[in-house]
Number of protein chains: 2
Amino acid sequence: MRNLGSEEKGSMSGTAATAILKEEVDIVIPTIRNLEFLEMWRAFFEPYHLIIVQDGDPSKLIKVPQGFDYELYNRNDITRILGPKAHCISFKDSACRCFGFLLSKKKYIFTIDDDCFVAKDPSGKEINALEQHLKNLLSPSTPFFFNTLYDPFREGTDFVRGYPFSLREGVPTAASHGLWLNIPDYDAPTQLVKPLERNTRYVDAVMTIPKGTLFPMCGMNLAFNRELIGPAMYFGLMGDGQPIGRYDDMWAGWCMKVISDHLGWGVKTGLPYIWHSKASNPFVNLKKEYKGIYWQEELIPFFQSVSLPKECTTAQKCYIELSKQVRAKLGKVDEYFNKLADSMETWIEAWEELNPSGAPKSDALPNGSAK
Amino acid sequence: MRNLGSEEKGSMSGTAATAILKEEVDIVIPTIRNLEFLEMWRAFFEPYHLIIVQDGDPSKLIKVPQGFDYELYNRNDITRILGPKAHCISFKDSACRCFGFLLSKKKYIFTIDDDCFVAKDPSGKEINALEQHLKNLLSPSTPFFFNTLYDPFREGTDFVRGYPFSLREGVPTAASHGLWLNIPDYDAPTQLVKPLERNTRYVDAVMTIPKGTLFPMCGMNLAFNRELIGPAMYFGLMGDGQPIGRYDDMWAGWCMKVISDHLGWGVKTGLPYIWHSKASNPFVNLKKEYKGIYWQEELIPFFQSVSLPKECTTAQKCYIELSKQVRAKLGKVDEYFNKLADSMETWIEAWEELNPSGAPKSDALPNGSAK
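Rules behind the numbers
- In every chain, residue numbers begin from 1 and rise along the written sequence.
- All chains are assigned letters beginning at A, and all ligands numbers beginning at 1, according to the order in which they are written.
- Local features are withheld for residues below a pLDDT of 70 in this predicted model, meaning they are given only at 70 or higher, and side-chain atom pairs are given and counted only at 80 or more; totals for whole chains, interfaces and linings count all residues.
- The side-chain values count all of the structure's non-hydrogen atoms but skip hydrogen atoms and water molecules.
- Secondary structure elements are defined from DSSP: runs of H or I of at least 4 residues count as helices, runs of E of at least 2 residues count as strands, and each element is numbered from the N terminus.
- Atoms considered for the radius of gyration are the C-alpha atoms alone. The globule rule reads 2.2 Å times the number of residues to the power 0.38.
- Burial here depends on accessible area, computed with a 1.4 Å probe over protein chains only, as a share of the maximum for the residue type. Under 20% is buried, over 50% is exposed, and the range in between is partly exposed.
- Note on contacts: a residue pair is in contact if any heavy atoms of the two residues lie within 4.5 Å.
- In summary, the charge assignment counts Lys and Arg as positive and Asp and Glu as negative, without counting His or the chain termini.
- Charged groups are reduced to one reference atom each: NZ for lysine, CZ for arginine, CG for aspartic acid, CD for glutamic acid.
- For helices, the axis comes from a line fit to the C-alpha atoms of the stretch in contact; other axes are also lines fit to C-alpha atoms, and the angle between any two N-to-C directions lies between 0 and 180 degrees.
- Oblique is the label for any angle not covered by the other classes, which are roughly parallel (under 35 degrees), roughly antiparallel (over 145) and roughly perpendicular (65 to 115).
- Two helices that cross are described as forming a left-handed crossing if the nearer one is turned anticlockwise from the farther one by less than a right angle, and a right-handed crossing if clockwise.
- Lys, Arg, Asp and Glu make up the charged group, whereas Ala, Val, Leu, Ile, Met, Phe, Trp, Tyr, Cys and Pro make up the nonpolar group; the residues left over, Gly among them, are polar.
- Defined here as a combined quantity, buried area equals the accessible surface (1.4 Å probe) lost by two parts on assembly, summed across both.
- Salt bridges are counted wherever a side-chain nitrogen of Lys or Arg sits within 4 Å of a carboxyl oxygen of Asp or Glu.
- Between N or O atoms, a polar contact is any pair within 3.5 Å; within protein, one atom must be a potential hydrogen donor and the other a potential acceptor, and residues adjacent in sequence are included only when both atoms are from side chains.

Next up on the list: the overall build of chain A. Within chain A, the secondary structure is distributed over eleven helices and nine strands. Against the 2.2 N^0.38 benchmark of 21 Å for 371 residues, chain A shows a C-alpha radius of gyration of 20 Å, consistent with a compact globule. Taken along its principal axes, the extent of the C-alpha atoms in chain A is 50 × 50 × 50 Å. Put simply, chain A has 371 residues, and 64% of those count as buried. Across chain A, contacts joining residues at least 24 apart in sequence account for 75% of those joining residues at least 6 apart. Each charge class in chain A was averaged separately, 42 positive and 46 negative side chains, and the resulting centres sit 1 Å apart.

Here it is in structure tokens:
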């Protein structure tokens, strides 16, 4: 894990960090429904490798504009590559993005939805979201004590008076959760009640979400250290044939957070912003969400009280243990959670098959070897 | 407790809230060394009652400009009013401000240092810090789950997708911690290392510090609900005759936070900003702080593991219990903590004497009855 400790702070500019990491990053996109999306991001994404996971009908062709380095997977590819394990990847839902996490061999993943465009900061400058995510992932997190001036590793700020010196080294950062200008990420009831609300507030902050605190992780604009937390970034069973939708990223976020807390890693939220261009249909969303809205009332206390044993020293081991606790404690909420627990195990089996622990690191392997 | 729930959100403008609360607020200032201070705040403070607690030589006269409604206490007053209990109030240290908290009969306290001036927001508008604190205190807190768009009760924002509906009512807000532009609140070592660092970043956010998370509370720009958390806002023993300084607000913050967590109240940080005009002398600060810097390494684990029994249903009861745990667990760190534990008990005795629980509310009593 490469950390920019306080001594090195400021010594690596954003551009330098991005250049170094070019070969260590994959951008994962769950389908692309409009070409405008990639054109808007061209300046920022062209240097990187894209993994596109088509979420619907495999016979439909996704046209990727020239100049991008990409691999594209559809449902037929998922079935071919995973065989009997393919059932753990959602169909007709953006939850399928985690197939891209599975196939990548890179250290860092940035995942973004195709209705997220380049936002501008208050000075009018276009925001390089990926660069900010990498800054967040490369600098330590501070989950054990709250710093009132927010990210102490950012230029122009530091730990404030009263922050214990023993905690100032920080811990590795597992994930960076970015935000959205314009259309906020609201649930269907809030969308229905506030159809016109737009997020216009640019909050110039990055902060670590404290240890023991859960948050609603949105998959629209998200980056993570795949070597650390990749195995916990499973987006569950959503979409076609499933009783629930729009809880894929939430599920991944809760699992990922309790595992990061257990393993001593940090999770950040705040910058960078993207421009969320269009609100999804609140009536469709309500249908997808309604079971989640009441199941969630039992899921949150479950995740708040999850305890992982000391023997769970890797994200994989934690995730298998978590799947057992899901089956034992949430199976009684709905039969769906037994199926989900099975899929969580299948996901880890697939992860270990495609990412054998003794395998050489990303530099030595062609990426996306299956295609 | 008057809460502005989500239904009422936006129905009470800042000005209206401030007007209603005029009779429910005291501004407590630990000494005034320059007249410029009150002149700068005149437009915002003149409608309110001030309690000034002079921290040094009682023979020196503090001149308060005409037009302000105030009461002024010096060391002689403290001795006269508290008698044998006066030893719990620090001398020659801004920790003496808590004497003002004790004497006030108002529901809300705003306390500010005399080197804190009016800041401007990014649009150039002068910030009415007190008004923002009152907004923070009047709207609920959300300590049990993190909202990624920050304060969900603020205009233009809400709870995001995945935030449990059962937690959206929020809880009463006990305290509002404001921030500082210009001179950041750094400890002596950081001041020495970064003498030129200035805080220029205006982060347009208010957030609840999650339950179970400690933070470094600065007393420069702070407001709280005195009826809820007043008895825990004791600023300890600092200054003349004490082995430590500059940990008064930190101590109050840690005590106040664990008690708020136990009683189910929230603590917010973020807006409003004040303009912190001058850095204190880092060499003097180092002398005051150095014991705190290493004691703190034992204090934080102590506060992180404090558990208060169910019988502790008020801030007073919690505080007495906390004083016992301080004696039992920190007495071995240094004899100072036994003395501090004694003073914590004396403070509560003084609180109960001056604030008998059966006493009529603020409206019925002249404020600062002792003078």
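And the narrative resumes.
Turning our attention to the packing of helix H8 (residues 248-263) of chain B against helix H9 (residues 282-305) of chain B. Residues and elements named next belong to chain B. At a minimum axis distance of 11 Å, the contact between H8 and H9 shows a crossing angle of 15°. Taken together, the axis directions place H8 and H9 in an arrangement best described as roughly parallel. As H8 packs across H9, the resulting crossing turns out to be right-handed. Between H8 and H9, the residues in contact are Trp251, Trp254, Cys255 and Val258 and Gln296, Leu299, Ile300 and Phe303, respectively. Here the residues of the contact of H8 with H9 are counted per class, giving seven nonpolar, one polar and no charged.

This part takes up the interface of chain A and chain B. Chain A puts 61 residues into the contact, and the matching count from chain B is 60 residues. Summed over both partners, the interface of chain A with chain B comes to about 5,000 Å²; 57% of that surface belongs to carbon and sulfur atoms. There are ten salt bridges connecting chain A and chain B. Across the pair A:Arg161 and B:Asp249 runs a salt bridge, and its minimum N-O distance is 2.7 Å. Between chain A and chain B we count 30 residue pairs in polar contact (both at pLDDT 80 or more) in total. Here the side of chain A that touches chain B takes six residues from helix H9 (residues 282-305) of chain A, the largest share from any one element. Broken down by class, the residue content of the side of chain A that touches chain B amounts to 30 nonpolar, 13 polar and 18 charged.

The analysis is restricted to geometry; functional conclusions fall outside its scope.
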